Number of protein chains: 4
Amino acid sequence: MTKKIRVSIVGATGYTGAELLRLVLGHPDLELAAIVGQSKAGQRVSDVLPSFAGILDGEVEAFDAASVAERSDAAFCALPHGASAPIVEELCDRGLKVFDLSADFRLRDPAVFEAWYKAKPSGRFGKAVYGLVELYREALRTADLVAVPGCYPTSAILAIAPLLRSGLVEADGIVVDSKSGVSGAGRSPLPSTHFPETAEGIRAYKVASHRHTPEIEQELSVAAGREVKLVFTPHLVPYTRGILSTSYMVAKPGVTAAECTEAARALYQGSPSVVVRDPGVAPDTLWVRGSNRVQIAYAHDPRTGRIIALSAIDNLVKGASGQAVQCLNVRFGLDEGAGLRGAPQWP
Amino acid sequence: MTKKIRVSIVGATGYTGAELLRLVLGHPDLELAAIVGQSKAGQRVSDVLPSFAGILDGEVEAFDAASVAERSDAAFCALPHGASAPIVEELCDRGLKVFDLSADFRLRDPAVFEAWYKAKPSGRFGKAVYGLVELYREALRTADLVAVPGCYPTSAILAIAPLLRSGLVEADGIVVDSKSGVSGAGRSPLPSTHFPETAEGIRAYKVASHRHTPEIEQELSVAAGREVKLVFTPHLVPYTRGILSTSYMVAKPGVTAAECTEAARALYQGSPSVVVRDPGVAPDTLWVRGSNRVQIAYAHDPRTGRIIALSAIDNLVKGASGQAVQCLNVRFGLDEGAGLRGAPQWP
Amino acid sequence: MTKKIRVSIVGATGYTGAELLRLVLGHPDLELAAIVGQSKAGQRVSDVLPSFAGILDGEVEAFDAASVAERSDAAFCALPHGASAPIVEELCDRGLKVFDLSADFRLRDPAVFEAWYKAKPSGRFGKAVYGLVELYREALRTADLVAVPGCYPTSAILAIAPLLRSGLVEADGIVVDSKSGVSGAGRSPLPSTHFPETAEGIRAYKVASHRHTPEIEQELSVAAGREVKLVFTPHLVPYTRGILSTSYMVAKPGVTAAECTEAARALYQGSPSVVVRDPGVAPDTLWVRGSNRVQIAYAHDPRTGRIIALSAIDNLVKGASGQAVQCLNVRFGLDEGAGLRGAPQWP
Amino acid sequence: MTKKIRVSIVGATGYTGAELLRLVLGHPDLELAAIVGQSKAGQRVSDVLPSFAGILDGEVEAFDAASVAERSDAAFCALPHGASAPIVEELCDRGLKVFDLSADFRLRDPAVFEAWYKAKPSGRFGKAVYGLVELYREALRTADLVAVPGCYPTSAILAIAPLLRSGLVEADGIVVDSKSGVSGAGRSPLPSTHFPETAEGIRAYKVASHRHTPEIEQELSVAAGREVKLVFTPHLVPYTRGILSTSYMVAKPGVTAAECTEAARALYQGSPSVVVRDPGVAPDTLWVRGSNRVQIAYAHDPRTGRIIALSAIDNLVKGASGQAVQCLNVRFGLDEGAGLRGAPQWP
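Every chain is numbered on its own, with residues counted from 1 as its sequence reads. Chain letters start at A and ligand numbers start at 1, both assigned in the order the entries are written. With pLDDT at 70 or above as the cut-off, local features in this predicted model cover only qualifying residues; side-chain atom pairs require 80 or more to be listed or tallied, and sums for whole chains, interfaces and linings still use all residues. Excluded from the side-chain calculations are hydrogens and water; all other atoms, namely the structure's heavy atoms, are used.

Below, the discussion takes up the relation of the copies chain B and chain A. Only residues with pLDDT of at least 70 in both copies count here: their C-alpha atoms drive the least-squares fit that superposes the copies. For the pair chain B and chain A, the superposition axis carries a translation of 0.0 Å, the fit reaches an RMSD of 0.0 Å, and the rotation angle comes to 180°. Here the copies are linked by what is in effect a two-fold axis. Closest approach to the rotation axis among the C-alpha atoms of chain B is made by B:Pro238, whose C-alpha sits 3.2 Å away. Residue by residue, 100% of the interface of chain B is reproduced at the interface of chain A, so both copies engage with the same surface. Any two residues whose heavy atoms approach within 4.5 Å are treated as being in contact.

In structure tokens, the structure reads:
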């Protein structure tokens, strides 16, 4: 039996932290080292995360870099942007492999980071590998710091990148219209996520200004081999988990949905987390709920010459914690799907 | 006291029928003449529509054109397309003003109708006035047959038409991404609207093929003064009432969100059902639930030169039954907002 | 035309306040005098309550007793308990008829109040008329201060009181199991009402300790003519509006559901807000949503000798704001159902 | 490596069938032999169960007893009652261990079965072991036919049985008020589970007449050592998965919530699926969602002398498919929690 990899979770009491706990506990090759959560330090895990009652008996720890480093081979940081960078730096300094779920290391251009985040980039900014395994698998094998992608970018990039790489669509004029479940907004109660004002309606938010925009553009520019600018509109939908992105692209002349489907299948050949459905299927986020899978399908509108890509993920799994585990699997030479093969919870 | 207008509802036991009942009962100038519903004929209204227990004591009637005509000045037909046309024709023949909520008379080009509905148009096809009051108010004053617009078209046209009429956006390249509550699918139980497979996920449907597409195009072509083709994608969202349409347009050079807002306010000056919010507001369908109002707001994305229009309606009210009553108000010379001024039910 | 009654709403920016606004605006005999809300004073109504955009243009006022009194014949106070009493006292002192939606004046025994609310009763404690119109109609005609009942008590008392008054059930051993929509928890965001932790599960709360218990007991003791103690368990259900109470009682020998139904129909004869359904019907809160109606039905379990009462209300209407308007109607000699006849919003 | 146990699922395309598929695929000691579903035979699994796209590639088979028996050591039957018995009999005849999720073999008294199900019991009626592992663990080790308990009974019995067995509460006067998510109604679309009439309201159903009543009574009679009759009221709650049962019992003199808690902990010592929380906790069904766990807590109401038990399960897991797997684990001598240790999916 091989030795298990010891992992700590910093920021364990939020939604992505809790999902990391669930995934680590179910992973055959990982061992949970520390459950760190600054604001809940000293409380019993089962009080803070009642779904772990009977499963985890200890307490949430305060963050202590030395203590975490001593007990861990790797750390997942599930902290808000800004708060994450200094902790990531400390843990990297101490030699841990760090998988950061914040936005602090995802962008590569410091000017873009400063413009969108109104903050100075951290020391290792630009040094992380972008943790979209399907596109950066090789680089991840040796990464010391992984910037786990945002939830919206994951759903959009996986659907659009194959078409740009294959030259099937124009790089200009892309529209990404995304619909997220409310867990994406995090665990802090806000008026905008208060049940009575969230449950029986739908709205857009941060129109033309959401910070995931430059992240999507960065990766699609790589895919296109030229700069891509696009419109991205997030919406809040009254359910808990899932993102559906409906992406609109201008088809190159003669391109069909079947060709798009083939291009995506070719690119994702061997990727355990991507399921490209036949044209005509409209993936539902319920079909991937609780799993690390994305379902993608393409349609062609011959009347307008558009390709419509539909992509569904669970924002907390493939859009965050599952993807982080997938990155770790690749980094540590494990089976990429280890601990992530569970079928979605449907219905 | 003026004599009340006697109205019958044909197809009263579906969702738009029930909403017509609610609105007619609350309308100061209308009198309910007949409650007609073929499949439920003979049953007590309170058994079929339990929210009317204690309010309506009678039975649902079978359809009898002569009987309905004798007792009514006007009829609302809330029937599926195809089933509606023959009944509408009969009632028109007998001199009633008819407000048809089906799609049978909305289009004006028979070839387009045949292509999308795979059916021959009815005798009065092309003779109805399109019942979007804000755009056809004058024509409605003398209409004998009104084709009440579809729910999706209402949300999209009201938001986009002012910009096309004012030349603020290009007529090409429009994308309409709409999100509907489940009541839009009607009252018949289907696998696609079964609670467990609908409640905790979101999906697109009828991608690049929904029949509301040519209806939106028809009216936006009028607004643009030239043919408009666009992409329209409907989505099913896990709540009951409401449609949010997010529409993407290419801005003419230099156009701002403020100008779009002004153009819409100018066009809808004096329209009691339209509320154009300031740029920066993102209307929530919850803000119009249960009311005949639409809330519209515009955003500009300077990075891509796009205008994004957000428009929220209650699909059963402004998207169907309330709009039908609004048409009747105009046709019979009543105050346009009579019976429709109730504030939304929030939260 | 009679002069309208001028009413102010103090605490207008919470959910019951917003619902009062909606009802007052739709009421033929009321005129809105002041919209008061301490924490939002100075903000535009449409910013604080976006469903009133295009309907109400003014600002929320800070509370000024003199100013409110000068402009108003009556006031609705929709404030938290404790905060309400001093404002109620001030407005009563200035001669307004006050309809208080808080718990500050509902109980009649100061010792019970102190035991459950850990606070001293206010000066007018014990002087208010309990505003359950169906049981206190006569007293309300001359009331200066009305304590509008709590949402849970309304649903439970209306269902159980007729049976106790008629001696059909035992006064001992009553169990009230209530299920509430989340709007009952108010507008302040809390972890317990945060969408992701509320939307896809159900839980009880304040088991054997909810403060509505003594209120239900007080009124059922009146109905029974002796002291009633009962078990009351509230639950939080993932939807916004409505309370369903399932109440269990020990039937007197030989009693049937039909007799219970008759007793309730006799007591509520002429009451526009109560609908007693036939045995076999199971009222759904959706059937009363947005309306001031309660639907009640009774079942008998011959195997155990129990009567089961099912009662459904909209907690914000018959459970709060609508009931307050109903009280005002009675107090000012208006038609009891004025402004409250609207059919429920279904579905 | 030990040989895997080959299991078939008959009735694989409903909700409990799909959940069995998920659990079997994630189980280290099981091998999926046949996916049987009469009405969908010949269709691709991924078309019928879209969450298994990319996971299961085959087709749904028609039922053929010989073929299933040849390839399987055990079968799960997830069929409606009545339809299940003949198939169960056939598979038992051929030597398979059968885990039947229907109600056909749960009761032991044929007269009770006939009275509630209006049908003749099947040949092996009375021969099955009742598959509530926590109470029948020993008998299950040698069972040839296991009647997997109903969802409501599981939630109620596990909470109440310890108190009856310990003599802490009276056997008379028990009230069980249960609230179920909509998946409990199965996969066939019905008016009563149509989204718009189910999503934003709550209702009771089958009041004093639900067929799970005699099942609960049978097992609580065993626990009490005398006949138990009780009131059971199921409710439909607008979310997909979960049952919360609130059970009311008359406490024996002096009994406290702490004693009840201790009694339950003692009984369930070593049971991996039961978590007994401290008094004061109110278990939420969200805390067990997707897992084979039940969370139970007790409260005492000293004012009325009642014990209130709260118990939360996922109706599709501990209330059906997970419990079936748990039974199989015990029957085949595996670790009782094998394949069932996954943490709940929260939020």
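Another point: the interface of chain B and chain A. Contact residues are listed per partner, giving 46 residues for chain B and 46 residues for chain A. Summed over both sides, the interface of chain B with chain A buries roughly 3,700 Å², with 63% coming from carbon and sulfur. Accessible surface is computed with a 1.4 Å probe, and the buried area is the amount of it that two parts give up when combined, taken over both parts together. It is B:Glu200, B:Ile202 and B:Arg303 that lose the most area in chain B upon contact with chain A, and together they represent 17% of the buried surface on that side. Note on definitions: salt bridges are taken to be side-chain nitrogens of Lys or Arg within 4 Å of carboxyl oxygens of Asp or Glu. Counting across the interface, chain B meets chain A through eight salt bridges. The salt bridge partner of A:Arg203 is B:Asp284, with a shortest N-O separation of 2.9 Å.

This part is about the interface of chain D and chain A. Taken together, the contact between chain D and chain A spans 33 residues of the former and 33 residues of the latter. Taking both partners together, chain D and chain A bury about 2,700 Å²; carbon and sulfur atoms supply 60% of that area. When the area that chain D buries against chain A is broken down by residue, the three leading residues are D:Gln345, D:Trp346 and D:Pro347, summing to 27%. There are one salt bridge connecting chain D and chain A. Among the salt bridges present, the one from A:Asp278 reaches D:Arg44, with a minimum N-O distance of 4.0 Å. N or O atoms closer than or at 3.5 Å make up a polar contact, with two conditions inside protein: a donor-capable atom paired with an acceptor-capable one, and, for residues adjacent in sequence, both atoms drawn from side chains. Counting every contact that joins chain D to chain A gives six residue pairs in polar contact (both at pLDDT 80 or more).

For the pair chain D and chain A, the best superposition has an RMSD of 0.0 Å and corresponds to a rotation of 180° with a translation of 0.0 Å parallel to the axis. A shared binding surface is used by both copies, with 100% of the interface residues of chain D retained as interface residues in chain A.

Let us now look at the side chain of D:Glu336. Helix and strand definitions follow DSSP, with helices as H or I runs of at least four residues and strands as E runs of at least two, each counted in order from the N terminus. Among the secondary structure elements, D:Glu336 is positioned in the segment after helix 11 (317-331). Contact partners of D:Glu336, with chain neighbours within four places excluded, come to D:Val133, D:Glu134, D:Arg137, D:Pro272, D:Gln326, D:Asn329 and D:Val330.

On to the packing of aromatic side chains, then. Remark: the centre distance and the inter-plane angle together describe each pair of aromatic rings, the angle taken between the planes. All names here are of chain B. The criterion for an aromatic pair is that two Phe, Tyr or Trp rings (for Trp, the six-membered ring) have centres within 6.5 Å, with stacked assigned to planes under 30 degrees apart, edge-to-face to planes over 60 apart and tilted to the rest. By the definition in use, this model includes 26 aromatic pairs over all chains. Ring geometry for Phe76 versus Phe99: centroids 5.7 Å apart, planes at 45°, classification tilted. Remark: Phe99 occurs in strand 4 (residues 97-100) and Phe76 occurs in strand 3 (residues 74-77); sequence separation between them is 23 residues. Grouping residues by exposure puts Phe76 and Phe99 together as buried. Summarising the aromatic geometry, the rings of Phe113 and Tyr117 are spaced 5.0 Å apart at their centres and angled 20° between planes, so their arrangement reads as stacked. One end of the pair is Phe113 and the other is Tyr117, both in helix 5 (residues 110-117) and four residues apart, which spans about a single turn. The same class applies to Phe113 and to Tyr117, which are both buried. Buried means the residue's accessible area, taken with a 1.4 Å probe over protein chains only, is under 20% of the maximum for its type, while exposed means over 50%, and partly exposed covers the values in between.

Residues and elements named next belong to chain C. Among the secondary structure elements, Ile5 is positioned in strand 1 (residues 5-10). For the pair Ile5 and Asp29, spaced 24 residues apart in sequence, the C-alpha separation works out to 6.3 Å. For Ile5, the contacting residues outside a window of four places in its chain are Asp29, Leu30, Glu31, Asp73, Phe332 and Leu334.

A few words on helix 6 (residues 133-140) of chain B. Residues and elements named next belong to chain B. When we look at burial in helix 6, the residues that qualify are Val133, Glu134, Tyr136 and Leu140. When helix 6 is viewed along its axis, its buried side chains cluster within an angular range of 145° and face the same direction. Contact partners of the buried residues in helix 6: strand 5 (129-130), strand 6 (145-147), helix 7 (151-165), helix 9 (212-224), strand 11 (274-276) and helix 11 (317-331). Working definition: the arc comes from the directions between the helix axis and the C-beta atoms, pointing outward to the latter.

Bringing the pattern of salt bridges into the picture now. For the coordinates displayed, the defined rule picks out 119 salt bridges over all chains. With its nearest N and O atoms 2.6 Å apart, the salt bridge here joins B:Arg124 to B:Glu89. Of this pair, B:Arg124 sits in the loop between helix 5 and strand 5 while B:Glu89 sits in helix 4 (residues 84-93), and the two are 35 residues apart along the sequence. Overall, B:Arg124 belongs to the partly exposed group, its relative accessible area being 24%. A relative accessible area of 13% means that B:Glu89 is categorised as buried. The salt bridge partner of C:Arg331 is C:Asp144, with a shortest N-O separation of 3.8 Å. Residue C:Arg331 is located in helix 11 (residues 317-331), and its partner C:Asp144 is located in the loop between helix 6 (133-140) and strand 6 (145-147); the two are separated by 187 residues in the primary sequence. Among the ionic contacts, a cluster of salt bridges with common partners joins A:Glu262, A:Arg265, A:Asp278, D:Arg44 and D:Asp47.

What follows deals with the sheet that holds strand 7 (residues 175-180) of chain B. The strands making up a sheet associate through hydrogen bonds between their backbones, and the pairing can be parallel or antiparallel. All names here are of chain B. Ordered by their spatial adjacency, seven strands build an open sheet running 8-9-7-10-13-12-11, and the pairing between neighbours is mixed. Lying at the two open borders of the sheet, with one neighbouring strand each, are strand 8 (203-204) and strand 11. Throughout, an axis means a line fitted to C-alpha atoms (over the contacting stretch in the case of helices), and angles, computed between N-to-C directions, take values from 0 to 180 degrees. Across the sheet, helix 10 (residues 257-267) lies against strand 11, strand 12 (294-301) and strand 13 (306-313), angled at about 155° from strand 12, the strand it touches most. Here the rule is simple: two strands pair whenever DSSP picks up at least two bridges between them.

Turning our attention to the sheet that holds strand 4 (residues 97-100) of chain D. All names here are of chain D. Strand order in the open sheet made by the six strands is 2-1-3-4-6-5, with parallel pairing throughout. Each edge of the sheet is formed by a strand with only one pairing partner; in this case those strands are strand 2 (30-36) and strand 5 (129-130). As defined by bridge partners, strand 1 (residues 5-10) adjoins strand 2 across six bridges and the pair is classed as parallel. The residue of strand 2 that forms the bridge with Val10 is Val36.

All names here are of chain D. Strand 12 (residues 294-301) sits mainly inside the fold: seven of its eight residues count as buried. Of the strand pairs in this sheet, strand 11 (residues 274-276) and strand 12 are connected by three bridges, and their pairing is parallel. Following the sheet pairing, Val276 is matched in strand 12 by Ile296. Taken together, the seven bridges between strand 12 and strand 13 (residues 306-313) define a ladder with antiparallel strand orientation. Bridge assignment links Ala299 to a residue of strand 13, and that residue is Ile308. If you look at the hairpin formed by strand 12 and strand 13, you'll find four residues sitting between the two strands, and Gly305 has a positive phi there, around 70°.

Turning our eyes to something else, we now look at the packing of helix 7 (residues 151-165) of chain C against helix 9 (residues 212-224) of chain C. Residue and element names in this part refer to chain C. Their axes nearest at 9 Å, the elements helix 7 and helix 9 cross at an angle of 20°. It follows that helix 7 is roughly parallel to helix 9 by the angle criterion. When you trace helix 7 past helix 9, the crossing you get is right-handed. Contact residues: helix 7 offers Cys151, Tyr152, Pro153, Ala156, Ile157, Ile160, Ala161, Leu164 and Arg165, while helix 9 offers His212, Glu215, Ile216, Glu219, Leu220, Ala223 and Ala224. Residues are grouped as follows: nonpolar covers Ala, Val, Leu, Ile, Met, Phe, Trp, Tyr, Cys and Pro; charged covers Asp, Glu, Lys and Arg; every other residue, Gly included, is treated as polar. In the contact of helix 7 with helix 9, the residues fall into 12 nonpolar, one polar and three charged. The labels follow the angle: roughly parallel below 35 degrees, roughly antiparallel above 145, roughly perpendicular from 65 to 115, and oblique for the rest. Working rule for handedness: look at the near helix, and if it is turned counterclockwise from the far one by less than a right angle, call the crossing left-handed; if clockwise, right-handed.

Let's shift gears to the confidence of the model for chain A. Here chain A averages 98 in pLDDT, while 100% of its residues score no lower than 70. Scored as a complex, the prediction yields pTM 0.98 and ipTM 0.98. Every residue carries a pLDDT, the predictor's confidence in it, which falls somewhere between 0 and 100.

This brings us to the side chain of B:Thr261. Residue and element names in this part refer to chain B. With respect to the element layout, Thr261 can be found in helix 10. Among the polar contacts listed, one links the side chain of Thr261 to the backbone oxygen of Ala257, at a separation of 2.7 Å. In contact with Thr261, other than residues within four places in its own chain, are Val276, Arg277, Pro279 and Tyr298.

Residue and element names in this part refer to chain C. Expected span of a helix, by definition, is 1.5 Å for each gap between consecutive residues, and there is one gap fewer than residues. In a regular helix each residue adds 1.5 Å, so 13 residues correspond to 18 Å; helix 9 covers 18 Å between its end C-alpha atoms and thus fits that length. Every buried residue of helix 9 is listed here: His212, Thr213, Pro214, Glu215, Ile216, Glu217, Gln218, Glu219, Leu220, Ser221 and Ala223. Residues of helix 9 that are buried in the fold lie against helix 5 (110-117), strand 5 (129-130), helix 6, helix 7 and strand 9 (231-236). Directly beyond the C-terminal end of helix 9, a positive phi value near 75° is found at Gly225.

Here the focus is the domain arrangement of chain A. Residues and elements named next belong to chain A. All the domain ranges listed were derived from an automatic or database domain assignment. Split into domains, chain A comes out as domain 1 (5-149 + 318-331) and domain 2 (152-316). A straight line from the C-alpha centre of domain 1 to that of domain 2 covers 24 Å. On the side of domain 2, 33 residues touch domain 1, which itself brings 30 residues to the contact. Contact with domain 2 buries surface across domain 1, with Tyr15, Trp116 and Lys318 losing the most and accounting together for 29% of the total. Taken together, the connections running from domain 1 to domain 2 amount to three salt bridges. Residue Glu219 is joined to Arg108 by a salt bridge in which the shortest nitrogen-to-oxygen separation is 3.0 Å. Across the domain 1-domain 2 interface, the total number found is 21 residue pairs in polar contact (both at pLDDT 80 or more). Looking at the side of domain 1 that touches domain 2, the elements with two or more residues in it are helix 1 (15-25), helix 5 (110-117), helix 6 (133-140) and helix 11 (317-331).

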